[in-house]
Amino acid sequence: MAGTGFFDGVESVRFEGPQSTNPLAYRYYDRDRLVLGKRMEDHLRAAICYWHNFVYEGGDPFGGPTFLRPWSAGDLAAARLKADVAFEMFEILGLPFFTFHDRDIAPEGASLGESNRNVREIADIFARKMETSRVRLLWGTANLFSNRRFMGGAATNPDPDVFAYAAAQVKNAMDVTHHLGGANYVLWGGREGYETLLNTDMKRELAQLGRFLKLVVDYKHKIGYKGTILIEPKPQEPTKHQYDFDVATVFGFLKANGLENEVKVNIEVGHSVLAHHSFEHEISLAAAHGILGSVDANRNDYQSGWDTDQFPNNAPELALALHAILKAGGLVTGGFNFDAKVRRQSFEPVDLIYGHIGGMDTLARALIAAAGMIKDGALDRFVSERYAGWDRDEGAEMLAGNRDFAQIAARVEREGLNPQPRSGRQEYLENVVNRYL
Ligand code: XUL
Ligand code: CO
């Protein structure tokens, strides 16, 4: 493979089947395989992220970079090299999408104007490369958390000039996402929260955040952007408390601002864990509220208490989430973005490839298992029978609001109602799930 030579010796990764021992092949991810009548690639819509692969250099709080990438100079020439390497990696992995923050792809300039020009210059390179590549943009976003100007928040900053700066930066990132045909635009409130209530007016900050989101939605319509606006919930880190804590909090916030039909959620596995929810809980709640948008696929260490962004490798766990996604009708504009990074000691280019192969095979196995559960129907049948009473007679009348307390009480006495408990059958259902794993 000609090009930068960064991935020298690594061939395109192909599907070879479960019996393959080739570490550079997919064993389960077979993009054209039909699952419930839809291609695997179209179910999963997997994306490779820019930041963990091409920006993260292996640093941790105790030590600096270990990866020593050839683009670490951080200037525009380095950004061009990074773009070349990125598209080589997209080609090798054969995944259909990528994602980025504005600051991932191009260096910050001396002014916002210069920064925006840098972003657009690299985005133009992307556009040219996309003419000959299959890869598409799943989503773009703006980094409103790394620069020190955002230390006190972006939209929720006490200084309105920071709000304005953030708006100008997001405008440019939305323009670029639109230009590249991005299927979604993401807002993760990196520092939209507080460190201490002693210096914080929470009421004002929530109003500012609501105003900012309305400006984003207005601008989307103004430029005719058809993609989905997504909020990515996270309960903490970097701030002690983030306002977009979890799906329930984000839904309440959207309702309060009348935006529940305009904005959906991008749910990250590790963020769910940090909020003390299971990933499938967050998926199911978003689906119940009609705001399931997209997924940031990764896994969190269950002991660490921070966001470890590891590659997914637990198919049984993910199968329950995939089951919830399939039940909800699947992802539409969304997909599975690998918001995952290799560990600090995995400094060789091939490690980036291994990470994604493992992640894809895990997603594929989870999808196959979930499709089996859907086909079998035992889980769905049990649940619909469990609630069947609400679909008819007095159950339906009560739910529709056609009975008041007095009428309900009168009927209970008249009919001598004495409801008997029924088993929740948890163990039976867990055994059904295990048939497919
Ligand atoms: C941070 C995180 C971000 C968002 C995009 O925890 O998940 O990378 O996905 O800003
Ligand atoms: Co994320």
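Residues numbered from 1 in each chain as written. Chains lettered and ligands numbered in written order. Predicted model: local features only at pLDDT ≥ 70, side-chain atom pairs only at ≥ 80, totals over all residues. Heavy atoms only, no water.

A. Main features of a nonpolar patch on the surface. On the surface, Val 383, Tyr 387, Trp 390 and Leu 399 cluster together to form a nonpolar patch covering roughly 430 Å² of accessible area. Note on placement: Trp 390 falls in the loop between α13 (378-386) and α14 (393-399). (Patch = residues over 30% accessible without salt bridge, like charges linked within 9 Å, V, L, I, M, F, W, Y side chains within 5 Å. Areas by Shrake-Rupley, 256 points an atom, 1.4 Å probe, with all protein chains shown as cover. Salt bridge = Lys/Arg side-chain N within 4 Å of Asp/Glu carboxyl O. Helix = DSSP H or I, 4+ residues; strand = E, 2+ residues; numbered from the N terminus.)

B. Just the packing of aromatic side chains, in detail. Taken as a whole, this structure holds 20 aromatic pairs when the rule is applied. A ring pair is formed by Phe 6 and Phe 7, whose centres lie 4.8 Å apart and whose planes are at 85°; its orientation type is edge-to-face. Classification of Phe 6 by relative accessible area gives buried; the value is 15%. Both rings, one in Phe 311 and one in Phe 338, keep their centres 6.0 Å apart while their planes meet at 45°; by these two values the pair is tilted. Of the two residues, Phe 311 sits in the loop between β13 (292-297) and α11 (315-327) while Phe 338 sits in strand β14 (residues 336-338), which places them 27 residues apart along the sequence. Across the pair, Phe 338 and Phe 311 agree in class, each one buried. Taken together, the ring pairs connect Phe 6, Phe 7, Tyr 50, Phe 54, Trp 71, Phe 87, Phe 90, Phe 98, Phe 100 and Phe 126 into an aromatic cluster. The lysine or arginine in question, Arg 149, covers the ring of Phe 150, its NZ or CZ lying 5.8 Å from the ring centre. (Phe/Tyr/Trp six-rings, centres within 6.5 Å; stacked < 30°, edge-to-face > 60°. Buried < 20%, exposed > 50% of the residue type's maximum accessible area, 1.4 Å probe, protein only. Lys NZ or Arg CZ within 6 Å of the ring centre and 35° of its normal.)

C. The arrangement of the layout of surface pockets in detail. Here the largest pocket defines a volume of roughly 1,100 Å³. Considering the residues around the largest pocket, the lining is formed by 36 residues, among which His 52, Tyr 56, Asp 307, Asp 309 and Lys 341 are closest to the centre. At the level of secondary structure, the elements contributing two or more residues to the lining of the largest pocket comprise α2 (50-55), α4 (102-105) and β7 (136-141). A per-element tally of the lining of the largest pocket places α2 first, with three residues. Residues of the lining of the largest pocket, tallied by class, amount to twelve nonpolar, eight polar and 16 charged. Its boundaries defined by the atoms lining it, the second largest pocket holds a volume of some 580 Å³. (1 Å grid on protein atoms, 1.4 Å probe; cavity = no way out; pocket = protein on both sides within 12 Å on 5 of 7 lines; lining within 4 Å. Points joined across faces, edges and corners; volume = space filled by probe spheres on them. Nonpolar A, V, L, I, M, F, W, Y, C, P; charged D, E, K, R; others polar.)

D. Focus on the coordination of the cobalt ion (ligand 2). Every protein donor of the cobalt ion (ligand 2) is listed here as Glu 232 (OE), Glu 268 (OE), Asp 296 (OD) and Asp 339 (OD), and their distances to the metal cover 1.9 to 2.2 Å. What the six donor atoms of the cobalt ion (ligand 2) show is an angle range of 79 to 171° at the metal, which sorts the shape as octahedral. The sequence pattern describing where the donors of the cobalt ion (ligand 2) fall on their chain is E-x35-E-x27-D-x42-D. You can see Glu 232 sitting in the loop between β10 (228-231) and β11 (241-242) and its partner Glu 268 sitting in strand β12 (residues 263-268), a full 36 residues away along the chain. (Donors = N, O, S within 2.8 Å, 3.2 Å for Na, K, Ca; no water. Tetrahedral: all angles 85-135°; square planar, octahedral: opposite > 155°, others 65-115°.)

E. Spatial organisation of the pattern of salt bridges. Applying the stated criterion across every chain, the model contains 20 salt bridges. Note that Glu 108 and Arg 103 form a salt bridge whose closest N and O atoms lie 3.4 Å from each other. The class for Glu 108 is partly exposed, based on a relative accessible area of 31%. Salt bridges linked by common partners bring Asp 32, Arg 39, Glu 41, Asp 42 and Arg 134 together as one network.

F. Up close: the domain arrangement of the protein. Segmenting the protein into domains produces domain 1 (14-376) and domain 2 (389-434). Here the C-alpha centroids of domain 1 and domain 2 sit 41 Å apart. (Domains from an automatic or database assignment.)

G. Highlighting the pairing of strand β5 (residues 46-49). Burial along β5 is two-sided: the residues Ala 46 and Ile 48 and Ala 47 and Cys 49 are all buried. The pairing of β5 with β14 spans three bridges and is classified as parallel. Considered in β14, the bridge of Ile 48 is made with Phe 338. Across three bridges, the pairing between β5 and strand β6 (residues 97-101) is parallel. Within β6, the position partnered with Ala 47 by the bridge is Phe 97. (Pairing = 2+ DSSP bridges.)

H. Region of the structure containing helix α10 (residues 279-289). All buried positions along α10 are accounted for by Phe 279, Glu 282, Ile 283 and Ala 286. The buried residues of α10 occupy an angular sector of 100° when the element is viewed end-on, so they sit on one face. Buried residues along α10 sit in contact with α8 (247-256), β12, α9 (269-274), β13 and α11. Residue Gly 290 follows α10 closely and has a positive phi angle near 75°. (Arc of directions from axis to C-beta. Contact = heavy atoms within 4.5 Å.)

I. The arrangement of the side chain of Asn 337 in detail. When you line up the elements, Asn 337 lands in strand β14. Judged by relative accessible area, Asn 337 falls into the buried class, the value being 0%. Within the structure, Asn 337 has its side chain in polar contact with the side chain of Thr 99 (distance 2.8 Å). Reaching out from Asn 337, the side chain makes a polar contact with the side chain of Asp 296 at a distance of 3.0 Å. When residues no more than four places from it in sequence are discounted, the contact partners of Asn 337 are Ala 47, Ile 48, Cys 49, Trp 51, Thr 99, Leu 138, Trp 139, Val 295, Asp 296 and Ala 297. (Polar contact = N/O pair within 3.5 Å; in protein donor to acceptor, adjacent residues only side chain to side chain.)

J. Region of interest: the sheet that holds β14. Sheet architecture is closed into a barrel: eight strands sit in the order β5-β6-β7-β8-β10-β12-β13-β14, paired in parallel fashion. Neighbouring strand axes in the sheet, compared pairwise and without regard to direction, differ in orientation by 30° on average. As defined by bridge partners, β12 adjoins β13 across four bridges and the pair is classed as parallel. Paired with Glu 268 across the bridge in β13 is Asp 296. Against the sheet, helix α7 (residues 202-223) contacts β8 (184-187), β10 and β12, and its axis sits at roughly 165° relative to β10. (Axes fitted to C-alpha atoms, helices over the stretch in contact; angles between N-to-C directions.)

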